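Each chain, letter by letter, is given below.
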Amino acid sequence: MSTAVRIDPETGLKVFNTRAAKASEKITGKGYSVVTDQKLTELPTMPAGATFNAEEQAKYRAFKEARRGAADYMGMEGEFKKYLDDVYSEPPIPREALTDECEILVVGGGFGGLLLWHKLSEAGFTDVRFCEKGGDVGGTWYWNRYPGIACDVESYSYLPLLEEMGYVPSMKFASGFEILEHCQRMAQKFGFYDHCLFHTTVEGTTWDEASGRWIVETDRGDKMRARFVILANGILTTPKLARIAGMEKFQGESFHTSRWNYNIDLRGKTVGIIGTGATAVQAVPELAKIVGQLYVFQRTPSSIDVRDQRETTDEERETWANEPGWARARRARFARISEVRAAVLANDDYLAGKIQDFKERKKHDRELSREELMQKQLDSSFRLMEQIRARVDAIVKDPKTAAALKPYYPYGCKRPTFHDEYLPTFNLPHVHLVDTAPRGVSEINERGVVHEGVEYPLDVLIYATGFQWMGTSTFNRIRGRNGRTLTEKWETEGTRTFLGLHTRGFPNLFIVTGPQGGGGSFNFTDVIYAHADYLVWVLQTMRERGARIVDVRKEPEDKYAEHCRVVDLATAPLRDCISYYNGEGKAAPGSLAYYGGRQWDKFRMEAQSSLEPYVFGGDPN
Ligand code: NAP
């Protein structure tokens, strides 16, 4: 069948276009606005000579070791399942269960799904069906609607398909609401809605060797068949809760930041928020504007760099309107940035192509050894963190609060955050930082949080406790050849993929932006583009060769996994702290994110020219 749309014979309506009406009228809050006070938008200067010496290294080590083993998270199951409810949409529209077949089934209707649809349909692959847990498109930007939400990669490089949509974001760091609307417009324009089952969670994906098809089962009773399955369900999708004794007893209102409950009126209330990662950093300044009292329960401070938000200028709009290819060129320039901080700053002159590079390259008399280069990078990370710590002192008036807000770890080992209003918030009389370092909040009772014998009664408790990194929960529900799940394979052999996209024994299954999946830069959209282009190439190559099945050989998979391990270990000192990036200090090197930068392209190009890693198979059907 050429399209995934099915028509109800009785009503004549599509049976799976179950997009639920959005109950969004109560949603308020914008991305943070432009701040003009220069003291807040510039880092204090730092003497150039500061080095990451033995004393400072010991301080970092102590900071890290004090937190080892403190992270204790749990999924939202049993009585905590309520935290997963979709508060943004009407309940799902009843529909019949589907048992039909499509060529390509994609899990996820976020950036990945939308971009895949655009690329696949352009290449002539139109028999594609999407399954999306939420009531609309957007993925991350569907679920995360907390006040203050904005992207933290510059929006001109981050939002996909800007030129195709004829759209220019309103600000350098667009609000999450603007991004969600962009997703909805993309879906509308490219006919995505006709191909997507909303409020449909894939619960089982099983390879059927005899028919060369995947059997895909969902929570709506569907049992569909697909030749190819693409997992585009994101990297930080499944929300998690801190496991805290007594949390089930709390009698007030509570929710997780990724299901922000706008039905609860926070005005004038006493509100507590647990967690101070990237989400809390954006939400806290907005919360402080409306609540009566705000208690911020912090275990580890984030690094709060300057944001320097700005509006898109008329000149930019005019230039881009007359410059075909501007967005692609900008994204490509962004992808060449190899330093976290430079990606954060996103120098406009460089990204607009007005200057070749954004910093002078220092000439060295000789090539630096690997150790020397590492020390140099650690020193510059240290100096930057000194500036970030000095910024805290310059802004936060209470010395005890300021001391607690200072992070001691290398820049970027936890998600670097940026904000020009977060630190000043702690000078407000109704905002209280509760420092729970190094073990975190460990008790909750009927009334609120208890820490070190002090009770903090709350009307509302907000969990800003993050997400599972790299979607491992999904992988235990995918059964490949020999009935083995992906989790079982990776638990016994270690994480093994080729390019992060294929994994042997799971033919015709592709993982977008999963473990070991490189392909770009600090901009995940770039990675999605790279993966989508690659998948179109795989499908076209198969079409040309008359192949129906693709798997990968053991040797290239082992070699690639070893490469992932080596590049992770080589750069690990730069990320030496307890973080979700390294599975809270427990992940095997090379098993999660990819740290090889552009080397991924080398692996990809070699594979595409030799075809040596692939095993192509025919199929009688
Ligand atoms: P997160 O970074 O995982 O933060 C979770 C927070 O909860 C951490 O501060 C953690 O402290 C804290 N925590 C956990 N258990 C605790 C306890 N018992 N007591 C006190 N604190 C506790 O989650 P997130 O802030 O939602 O961000 C997740 C990721 O989403 C980000 O890193 C980023 O990649 C992405 N994000 C992006 C944007 C954007 O692009 N604009 C915005 C928001 C989020 P520890 O650090 O000590 O573990």
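**Some words on the overall build of the chain**
Scanning the chain for helices and strands turns up 20 helices and 22 strands. Taken over C-alpha atoms, the radius of gyration comes to 24 Å for the chain, in line with the 25 Å a tight globule of 621 residues would show. Considering only C-alpha atoms, the chain reaches an extent of 75 × 65 × 55 Å along its principal axes. Among the 621 residues that make up the chain, the fraction classed as buried is 56%. Pairs at least 24 residues apart make up 74% of the contacts formed inside the chain by residues separated by at least 6 positions. Carbon and sulfur atoms form 49% of the exposed surface of the chain, whose accessible area is close to 26700 Å².

**Notes on helix α19 (residues 554-571)**
Between its first and last C-alpha, α19 extends 26 Å over 18 residues, near the 26 Å set by a 1.5 Å rise per residue. The elements touched by buried residues of α19 are α17 (486-493), β21 (549-552) and α20 (599-610).

**Some remarks on the state of the cysteines**
Tallying each qualifying case throughout the model produces one disulfide. Sulfur-sulfur distance for the disulfide between Cys413 and Cys577 comes to 2.2 Å. The chirality of the disulfide connecting Cys413 with Cys577 is right-handed, given an S-S dihedral of about 110°. With Cys413 in the loop between α14 (399-404) and β13 (417-418) and Cys577 in the loop between α19 and α20, this pair connects stretches of sequence that are 164 residues apart. Relative accessible area serves as the criterion here: at 1%, Cys413 is assigned to the buried category. Here Cys131 is not cross-linked by a disulfide; its sulfur's nearest cysteine counterpart is in Cys196, at 7.3 Å.

**Some words on the packing of aromatic side chains**
Within this structure, the stated rule accounts for 36 aromatic pairs. Centre to centre, the rings of Tyr60 and Phe382 are 6.3 Å apart; their planes meet at 55°, and the pair counts as tilted. You can see Tyr60 sitting in helix α2 (residues 54-67) and its partner Phe382 sitting in helix α13 (residues 370-395), a full 322 residues away along the chain. Since its relative accessible area comes to 2%, Phe382 is described here as buried.

**Some words on the environment of Ala232**
Position of Ala232 among the secondary structure elements: in the loop between β7 (223-231) and β8 (241-242). Taking C-alpha positions, Ala232 is 8.9 Å from Ile528, a pair spaced 296 residues apart along the chain. Non-local contacts of Ala232, meaning those with residues more than four positions away in its chain, are made with Val106, Val107, Gly108, Gly112, Gly113, Leu116 and Val512.

**Concerning the environment of Val202**
Relative to the assigned elements, Val202 resides in strand β5 (residues 202-208). Looking at Val202, the relative accessible area reads 13%, which means it is buried. With 17 residues separating them along the chain, Val202 and Asp219 place their C-alpha atoms 6.5 Å apart. If we ignore the near neighbours within four places in the chain, the residues touching Val202 are Val107, Cys131, Val216, Glu217, Thr218 and Arg477.

**Some details on the sheet that holds strand β15 (residues 443-444)**
Strand order in the open sheet formed by three strands is β15-β16-β17, and the pairing between neighbours is antiparallel. Looking at which strands have only one partner, the edges of the open sheet turn out to be β15 and β17 (454-457). Across four bridges, strand β16 (residues 448-451) lies against β17 in antiparallel orientation. Opposite Val449, over in β17, you have Tyr456 as the bridge partner.

**Quick notes on the pattern of salt bridges**
A complete count under the given rule lists 38 salt bridges for this structure. The closest approach of N and O atoms between Asp72 and Arg243, which form a salt bridge, is 3.2 Å. Placement of the pair is Asp72 in the loop between α2 and β1 (73-74) and Arg243 in the loop between β8 and β9 (253-256), with a sequence separation of 171 residues. A relative accessible area of 46% places Arg243 in the partly exposed class. The salt bridge partner of Lys289 is Glu286, with a shortest N-O separation of 3.1 Å. Placement of both Lys289 and Glu286 in helix α8 (residues 278-290) is noted, with a separation of three residues, approximately one turn of the helix.

**Observations concerning the site of the ligand**
What surrounds the ligand is a group of 26 residues, the closest being Ala150, Thr279, Thr300, Lys414 and Tyr580. A distance of 2.6 Å is found between an oxygen atom of the ligand and a side-chain nitrogen or oxygen belonging to Thr279. In the complex, 91% of the free accessible area of the ligand, which totals 910 Å², lies under the protein chains. At three residues, the largest contribution of residues to the shell around the ligand is made by α8. Counted by class, the shell around the ligand contains 12 nonpolar, 10 polar and four charged residues.

**Considerations on the sheet that holds strand β11 (residues 293-298)**
The five strands are arranged β9-β18-β10-β11-β14 in an open sheet whose pairing can be described as parallel. Among the strands making up the open sheet, the edge pair consists of β9 and β14 (431-435). Sheet twist, expressed as the mean angle between neighbouring strand axes with direction ignored, is 20°. Examined bridge by bridge, β9 and strand β18 (residues 460-463) share four bridges and lie parallel to one another. Among the inter-strand pairings, His256 is bridged to a residue of β18, identified as Tyr463. Contacts from α8 reach β10 (270-274), β11, β14 and β18, with the element oriented near 165° to β11.

**Details of the packing of α19 against α20**
For the pair α19 and α20, interaxial distance at closest approach is 12 Å and the crossing angle is 170°. With respect to α20, the element α19 is oriented roughly antiparallel. Packed against α19, whose contacting residues are Tyr560, His563 and Val567, the element α20 presents Gln599, Trp600 and Phe603 at the interface. Residue composition of the contact of α19 with α20, grouped by class: four nonpolar, two polar and no charged.

**Quick notes on unusual backbone geometry**
If a residue is not glycine, its phi is most likely negative; likewise, a peptide bond is most likely trans. Pro438 follows Ala437 through a cis peptide bond whose omega is -5°. Topologically, Pro438 is positioned in the loop between β14 and β15. The residue Gln516 is not glycine, and still its phi comes out positive at about 65°. Locating Gln516 in the fold gives a position in the loop between β20 (509-511) and α18 (524-545). Relative accessible area serves as the criterion here: at 1%, Gln516 is assigned to the buried category.

**A closer look at the confidence of the model for the chain**
Mean pLDDT for the chain: 91, with 92% of residues reaching 70 or above. In this model, residues 1-6 is a region of pLDDT below 50 whose contacts with residues beyond four sequence positions or in other chains number 25 contacts. Taken as a whole, residues 20-24 scores under 50 in pLDDT and shows 17 contacts with residues more than four places along the chain or in a different chain.

Conventions and cut-offs
Residues numbered from 1 in each chain as written. Predicted model: local features only at pLDDT ≥ 70, side-chain atom pairs only at ≥ 80, totals over all residues. Heavy atoms only, no water. Helix = DSSP H or I, 4+ residues; strand = E, 2+ residues; numbered from the N terminus. Rg over C-alpha atoms; globule rule 2.2 N^0.38 Å. Buried < 20%, exposed > 50% of the residue type's maximum accessible area, 1.4 Å probe, protein only. Contact = heavy atoms within 4.5 Å. Areas by Shrake-Rupley, 256 points an atom, 1.4 Å probe, with all protein chains shown as cover. Expected span 1.5 Å × (residues − 1). Disulfide = S-S within 2.5 Å. Phe/Tyr/Trp six-rings, centres within 6.5 Å; stacked < 30°, edge-to-face > 60°. Pairing = 2+ DSSP bridges. Salt bridge = Lys/Arg side-chain N within 4 Å of Asp/Glu carboxyl O. Near = heavy atom within 4 Å. Polar contact = N/O pair within 3.5 Å; in protein donor to acceptor, adjacent residues only side chain to side chain. Nonpolar A, V, L, I, M, F, W, Y, C, P; charged D, E, K, R; others polar. Axes fitted to C-alpha atoms, helices over the stretch in contact; angles between N-to-C directions. Parallel < 35°, antiparallel > 145°, perpendicular 65-115°, else oblique. pLDDT = per-residue confidence, 0-100.

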